[in-house]
Amino acid sequence: MELKRVIEYTKYYFEGLPLGIGLPSTELQPADDLLLLAGNAFVNLWKLTGDDNYLFNAVYLLEFGVLKSKQSFLARLILIRLYRLLGMIYCCP
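Model, not experiment: these values are computed from the prediction.

## A short note on the side chain of Gln29
Okay, step 1: As for its placement among the helices and strands, Gln29 is situated in the loop between α1 (2-16) and α2 (32-49).
Okay, step 2: The exposure class of Gln29 is buried, given its relative accessible area of 11%.
Okay, step 3: Apart from residues no more than four positions distant in its own chain, Gln29 is found in contact with Leu17, Gly20, Ile21, Leu23, Lys68 and Ser69.

## Considering the packing of aromatic side chains
Okay, step 1: Taken as a whole, this structure holds four aromatic pairs when the rule is applied.
Okay, step 2: Pairwise contacts between aromatic rings join Tyr13, Phe14 and Phe64 into one cluster.

## Overview of the nonpolar core
Okay, step 1: In terms of nonpolar packing, the biggest core is built from 25 residues, with Leu55, Leu62 and Leu82 touching the most fellow members.
Okay, step 2: At the level of elements, α1, α2, α3 (53-68) and α4 (73-90) are the ones that each hand at least two residues to this core.
Okay, step 3: Take this core: its biggest share by element is eight residues, from α2.
Okay, step 4: Apart from residues lying up to four places away in sequence, Leu55 is in contact with Val43, Trp46, Leu82, Leu85, Leu86 and Ile89.

Rules and cut-offs
Residues numbered from 1 in each chain as written. Predicted model: local features only at pLDDT ≥ 70, side-chain atom pairs only at ≥ 80, totals over all residues. Heavy atoms only, no water. Helix = DSSP H or I, 4+ residues; strand = E, 2+ residues; numbered from the N terminus. Buried < 20%, exposed > 50% of the residue type's maximum accessible area, 1.4 Å probe, protein only. Contact = heavy atoms within 4.5 Å. Phe/Tyr/Trp six-rings, centres within 6.5 Å; stacked < 30°, edge-to-face > 60°. Core = buried A, V, L, I, M, F, W, Y, C linked by side-chain atoms within 4.5 Å.

Here is the structure:
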């Protein structure tokens, strides 16, 4: 069920990206909320399965989103959380 959500949120995020093409870089993108939902769904999948690849997928997607929406502080906060988790897993187990 959660994987289905990730797929849908990601699909809708990429479909919504063209809506913000003409916006200034100081504006949030209209599809940012879908990016955040997808990132959090990846974290939920990691919690449910223990598969670290879901954390990496969340990082890849959110890093892409931050490039598209430089003002998305919520995406940056989730990225900080993810980097902290990955650091705890791979640096200091």
